[in-house]
Structures are given as structure tokens and as C-alpha cells.
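# Understanding the architecture of this molecule
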Amino acid sequence: MNALFSGAIAPLITGSLTVVALAALGCGIDGVLLLVALAAVLVILVLVYRSVILPIAVLLTSVLALSAALLAIWWLAKAGVLLLSGQTQGILFILVIGAATDYSLLYVARYREALRENRSKRIATGVALRGTIEPVLASGGTVIAGLLCLLLSDLRSNSTLGPVAAIGIAFAMLAALTFLPAVLYALGRVAFWPRRPHYDPELSASGAQATARGVWAAVARFVRRHPRPIWIITTLLLVVGASGLTQLRADGVPQSDLVLGDSQARDGQVALGEHFPGGSGSPVYVLTPEEDMEEVAGVLAGSEAVDGVSITVDGSSSTTATLSADGGIESLVPGESPAARVSQGDVLIQATLVDAADSEQAAEDVRALRGPLHEISEQVYVGGVTATAVDMNDAAVHDRDLIIPLVLGVIFVILVLLLRSLLAPFLLILTTVLSFGTALGVSAIVFNQILDFPGADAAVPLYGFVFLVALGIDYNIFLMTRVREEAKAHGTRDGITRGLAITGGVITSAGVVLAATFSALAVIPILFLAQLAFIVAFGVLLDTFVVRSLLVPALADDIGKRIWWPSRLARADD
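First, a word on scope: everything that follows refers to the structure included in this document.

Calculation notes
- Residues numbered from 1 in each chain as written.
- Predicted model: local features only at pLDDT ≥ 70, side-chain atom pairs only at ≥ 80, totals over all residues.
- Heavy atoms only, no water.
- Buried < 20%, exposed > 50% of the residue type's maximum accessible area, 1.4 Å probe, protein only.
- Helix = DSSP H or I, 4+ residues; strand = E, 2+ residues; numbered from the N terminus.
- Arc of directions from axis to C-beta.
- Contact = heavy atoms within 4.5 Å.
- Core = buried A, V, L, I, M, F, W, Y, C linked by side-chain atoms within 4.5 Å.
- Salt bridge = Lys/Arg side-chain N within 4 Å of Asp/Glu carboxyl O.
- Patch = residues over 30% accessible without salt bridge, like charges linked within 9 Å, V, L, I, M, F, W, Y side chains within 5 Å.
- Areas by Shrake-Rupley, 256 points an atom, 1.4 Å probe, with all protein chains shown as cover.
- Polar contact = N/O pair within 3.5 Å; in protein donor to acceptor, adjacent residues only side chain to side chain.

## Details of helix α9 (residues 215–225)
For α9, the set of buried residues is W216, A217, A220 and V223. Buried residues along α9 cover an arc of 120 degrees about the axis, so they all sit on one side. Counted as exposed and oriented over 90 degrees from the buried face of α9: V215 and R225. Turning to α9, the residues buried within the fold contact α10 (227–242), α17 (492–519) and α18 (527–559).

Below you can see the structure in the form of C-alpha cells.
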């Protein structure tokens with residue numbers, strides 16, 4: 001046997017073992033993924049805060065949140081309440097680290113501001129918590145609500161991710177609102193060394209953070225001077241970017257193309273197709289009642305998409321079936337009729353397709369075969385690698401059409417309760433959806449024209465939507481809750497200017513951190529995760545630097561106090 005493999009042709013293992021190849025890529029790589037994410041967060045925090053102690057405190061908060069979440073999820077999985085997968089674990093790592101860091105940065109900004117306005121670190125801690133708890137709970141609540149909507153998914157990979165990731169977000173909020181405040185209270189101003197925030201009696205007397213200096217103060221003044229041109233121009237640019245959606249190919253990809261880089265399974269599939277029918281090794285399995293066996297096999301053998309048909313009876317495989325002159329199946333064993341080999345029950349028929357089992361043409365062939373086969377009997381079932389891929393793509397489209405509107409509705413309700421307004425939540429969701437469309441459109445162009453990907457998994461738009469909209473709305477919540485707080489004391493337009501100047505730095509830092517953590521998914525050479533990493537990372541940066549920094553404040557400033565309609569704040573003096 002070894003002599004057979006000693007020539008120029010090397011042995012290749014292919015077929016349904018592509019799934020094994022995908023699983024092998026995930027084994028042992030989660031640790032690398034976590035280290036890459038933590039390293040990215042640490043570098044960004046050191047550059048932003050120019051401190052040694054504070055980044056460590058924030059990272060400890062994120063690691064504690066992840067550890068507690070993993071422990072809770074493990075016990076729930078052991079009890080049979082939750083189901084886990086390698087893909088779910090990788091996404092959980094990134095999601096918890098990114099979210100916990102974002103919530104921590106919001107508290108850190110509030111605490112530093114409170115230390116400048118109050119001499120006592122105890123009072124500063126109380127002020128920071130009161131200013132942080134509402135936006136963090138609202139932000140985390142929107143993410144959890146969006147993730148739990150995945151429970152309605154027909155795909156088990158989606159429905160299992162929802163509750164697991166929601167638990168991770170819950171622990172991220174808990175750690176940022178308990179562990180981090182305790183650590184920073186113990187450290188006080190030392191946590192920010194060497195750039196300690198000093199107590200300023202003038203800020204304490206005025207009751208507001210200084211907003212006259214800095215990059216974000218300049219951005220806020222720029223928005224205040226030209227609100228209408230800014231929101232019109234940014235909207236047009238986003239619409240142009242969203243036009244790339246027409247190039248998005250999210251109808252599934254061949255299983256052999258899911259692995260980026262070298263793949264023995266893919267090479268084996270190519271070699272197999274050069275010498276044998278494309279569907280060899282991954283046939284279509286048709287389960288049929290015994291009385292319909294001949295008619296079902298006749299439909300399969302008569303199809304141009306099928307190269308060969310074989311029948312398995314009583315656990316033994318027959319030779320390839322052929323059609324007789326009268327349209328029936330010729331004897332499986334000389335002198336014996338097919339019916340004589342069939343016991344009471346179902347018969348398994350295997351049909352080898354002409355095209356590769358994971359190709360688009362094979363998927364179309366399976367759809368074409370199912371119609372006439374189901375007309376014979378509703379008890380005829382078509383399975384196999386190709387049929388499974390067809391069903392998964394159909395389920396992904398169903399999930400997308402059901403869950404996306406549901407997530408938007410749930411987030412709208414949460415924003416209404418938070419902002420006590422109808423117009424502001426509607427505009428915030430509208431801008432976030434536009435940002436998502438732009439991220440997806442630009443990603444489609446990058447995938448097709450630059451990276452030359454073969455397409456996208458049908459679940460990519462749904463995952464991208466849930467993460468981008470649920471997480472992207474966080475930054476609008478951080479901004480608008482502070483704007484509403486400032487508007488009560490200074491009027492809506494001044495409140496927008498002050499809110500943007502105050503929150504600009506922390507929200508930008510949070511956005512960069514989240515983008516960096518999701519980019520870490522690209523270390524796993526799987527097409528789905530690489531595409532998700534780019535879509536979410538690019539979308540978060542777009543939302544951070546364009547939508548939240550320019551579009552939302554400019555639109556709110558142009559509308560003025562009516563943005564709070566129908567709350568009492570819409571009738572207050574501006």
C-alpha cells in the first residue's frame with residue numbers, strides 16, 4: 001500500500017472531512033485569540049491614558065468578567081441548560097473583553113472628572129457611579145436584548161450563541177460597576193499616575209467639567225457652527241458607501257472555501273473532481289419508504305445532475321442501479337428482485353452528483369430534485385452535505401428577515417425608556433442602521449475587489465447586524481445620556497456641545513478598543529470569522545468617528561430641543 005503513495009501524487013483526505021479541518025483550526029487557538037485581544041487593549045490603554053496602573057485595573061476588570069462568565073456558562077452547560085461550540089467560545093472572549101473595557105472606560109472618565117470636581121475620593125466614587133450606572137445598564141441592556149433575539153433563530157449555532165453571549169455581557173456590566181469602582185476607590189488619584197487629576201475648586205463651584213479646550217471641544221464648536229451641512233454631507237457619504245450592498249454575495253460559500261490559506265481538504269476536492277464525478281465522497285442521501293423505492297430511484301437516475309445511484313438495503317450496499325426498459329430498477333442481485341432485498345421500513349438511496357457537493361450548482365440540483373421527490377411522497381427525505389448546506393442557507397435568510405426587525409424594535413423601546421423621547425430614539429436607530437449599511441457595503445467591496453473572497457456565509461449579515469447595531473448604539477447612548485444631562489442645566493444646543501466635548505475622548509477610546517478586540521478574530525483562518533472581524537471593526541470605527549462624532553450631534557443640533565419630543569425637555573427654554 002505504501003508503494004501506491006510513493007509516486008508524484010501525494011495522498012489527500014477530503015470530502016466531509018472539511019468539517020474536521022475547520023474544527024482542527026479552532027483547537028488550541030482560543031488562547032492565542034485571548035492574548036492578542038488583551039495585548040491590543042493594553043497597548044491602546046497605555047497610549048490613551050499614559051499610565052501604567054490604570055490599564056492594568058481595566059484589564060483585570062475585563063479578565064474577571066470573562067472568568068466569571070465562563071464559570072457560570074460552564075456550570076449551565078454541564079446542567080444541560082446551555083449548548084457550547086468552538087465558534088461561540090471565540091466570539092464570547094472578544095465580546096466580553098471589548099464590552100467590559102468599554103463600560104470600564106466610561107466609569108474611568110466619570111471618576112477622573114469627579115476627582116477634579118471633588119476633593120474626597122468617596123464622594124467622587126458616588127458621583128461617578130451615579131453618572132455611569134444608567135448608560136451602562138441601558139447599553140448592556142440593548143446588547144443583551146439583541147443577543148437574546150437570536151433564541152428565535154432556526155439555526156442552532158445562532159440560538160446557542162444568544163444566551164451565552166448575553167451572560168457574558170451581564171458579567172461585563174457587573175464587573176465594570178462593582179470591581180472597578182472598588183479598585184479605583186482604593187487607589188484614588190494614584191490610579192492615574194503619573195497624570196493625576198488634581199482637585200479644582202472652580203470646577204467644583206461651577207458643577208461642570210471644563211469644555212473649552214481639547215480636540216473634542218474644537219469638534220463640538222465646529223458642529224455647533226455648521227450643523228446642517230455636516231449632517232447632510234455625512235449622510236450622503238454614508239449612503240454612497242451603503243450602495244456597495246449590491247455587491248454583497250451572502251448566499252453561502254462552498255465548504256471547502258471556508259478555510260483560508262492551505263487546506264488539504266480543498267486540494268483533495270479539486271483532485272477528486274479531476275478524475276471522478278464532483279459529488280464523489282459526499283453523495284445525496286435519500287430516505288424513502290420501500291413502496292416508493294423504484295419511483296424515487298428512477299427520478300434520481302433519470303436526472304442529468306446525477307452521475308450514479310446506489311441503494312442500501314438491510315445495511316448492505318448494492319451495485320449502481322440502472323433503469324430497465326420499462327422504467328423500473330434492474331435487479332440488484334442476479335435472479336432476485338429489489339423488493340426481495342427490502343425489509344419492512346425505509347430504504348436509503350445514495351445519488352452521486354455530477355458537480356462538487358459544496359458547489360452552487362450542486363445546491364441548485366438538490367433544490368430541483370426535492371420537488372419531484374416530494375411529489376412522490378412526503379415521507380421521502382433528502383439529506384447529505386449539499387442538502388444540509390441548502391437548509392442552513394435558507395434558515396439563515398429566515399433568521400435575518402425575522403431577527404433584524406425584532407432587534408430594532410427592542411432597542412427602540414429601551415431608548416424610549418432611557419431618553420424619555422420618541423424622536424431621539426428613532427433618529428439614533430436610523431443613523432445606526434445607516435452606519436451598518438455603509439459598513440456592510442464597504443466590506444462587500446473589500447471582500448470582492450481587494451481580498452478576492454469567494455463570497456460570504458449567509459449568517460454574516462445577521463451576526464454583523466447584531467454586534468454592530470447593539471454595540472454601535474452604545475456610543476450613541478453614552479453621548480445622548482450625557483447630552484440630556486447637560487441639556488437640563490444649559491439647554492439642548494449647549495448640552496450637545498458640552499456633551500460631545502466631554503464624551504468625545506472616552507467614546508473614541510472605547511470604539512478603538514472594541515474595533516481592536518474584534519480584529520483579533522482574524523487570527524483564526526476561517527472565512528466567516530475573518531469577514532465578521534472586518535465588518536464589526538470597520539463599522540465600529542465608522543460609528544465612532546463619523547456617526548457619533550458628526551452626524552448625530554449635528555442632526556440633533558439642527559433639530560434643537562424638538563429632539564426630545566414629546567418629553568417636557570422639548571418645551572424647555574433652549
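That covers the picture; the talk isn't over yet.
## Describing the nonpolar core
In this structure, Y103, L147, L184, F467 and F518 are the most contacted members of the largest nonpolar core, which totals 135 residues. Look past the residues within four positions of L147 in its chain and what remains in contact with it is L95, G162, A165, A166, I169, V466 and F467. By size, the runner-up hydrophobic cluster in this structure holds 21 residues, among which are M293, V306, V347 and L369.

## Things to note about unusual backbone geometry
What is expected of a backbone is that most residues other than glycine have negative phi and most peptide bonds are trans. Here W193 and P194 are connected by a cis peptide whose omega angle stands at 5 degrees. Of note, the bond from W565 into P566 is cis; its omega dihedral lies within 30 degrees of zero at 5 degrees. With phi around 50 degrees, R50 is a residue other than glycine that occupies positive phi space. Backbone geometry at D452 places phi at a positive 55 degrees, although glycine is not the residue there. Looking at the secondary structure, you find D452 in the loop between α15 (423–450) and α16 (460–490).

## Focus: the pattern of salt bridges
According to the stated counting rule, one finds 11 salt bridges in the structure shown. With its nearest N and O atoms 2.7 Å apart, the salt bridge here joins R110 to E485. In this pair, R110 is assigned in helix α4 (residues 86–117) and E485 in helix α16, connecting sequence segments 375 residues apart. A relative accessible area of 13% means that R110 is categorised as buried. A relative accessible area of 38% places E485 in the partly exposed class. A salt bridge links R482 to E113, with the nearest nitrogen and oxygen atoms 2.7 Å apart. In this pair, R482 sits in helix α16 while E113 sits in helix α4, placing the two residues 369 residues apart along the sequence. Accessibility classification places R482 together with E113 in one group, the buried group. The network of salt bridges with shared partners includes E113, R482, E486 and R498.

## A few points about a nonpolar patch on the surface
A cluster of nonpolar residues, V52, I56, L60, L187, V190 and W193, forms a patch on the protein surface that exposes about 520 Å² of accessible area. The topology assignment puts L60 in helix α3 (residues 53–78). Given the relative accessible area of 47%, L60 is considered partly exposed.

## Concerning the environment of K121
In this structure, K121 sits in helix α5 (residues 121–148). For K121, a relative accessible area of 30% puts it in the partly exposed group. The contacts of K121, once residues within four sequence positions are left out, are Y111, L115, Y185, A186 and G188. A distance of 2.9 Å separates a polar atom in the side chain of K121 from the backbone oxygen of Y185.

Geometry only, nothing functional implied.
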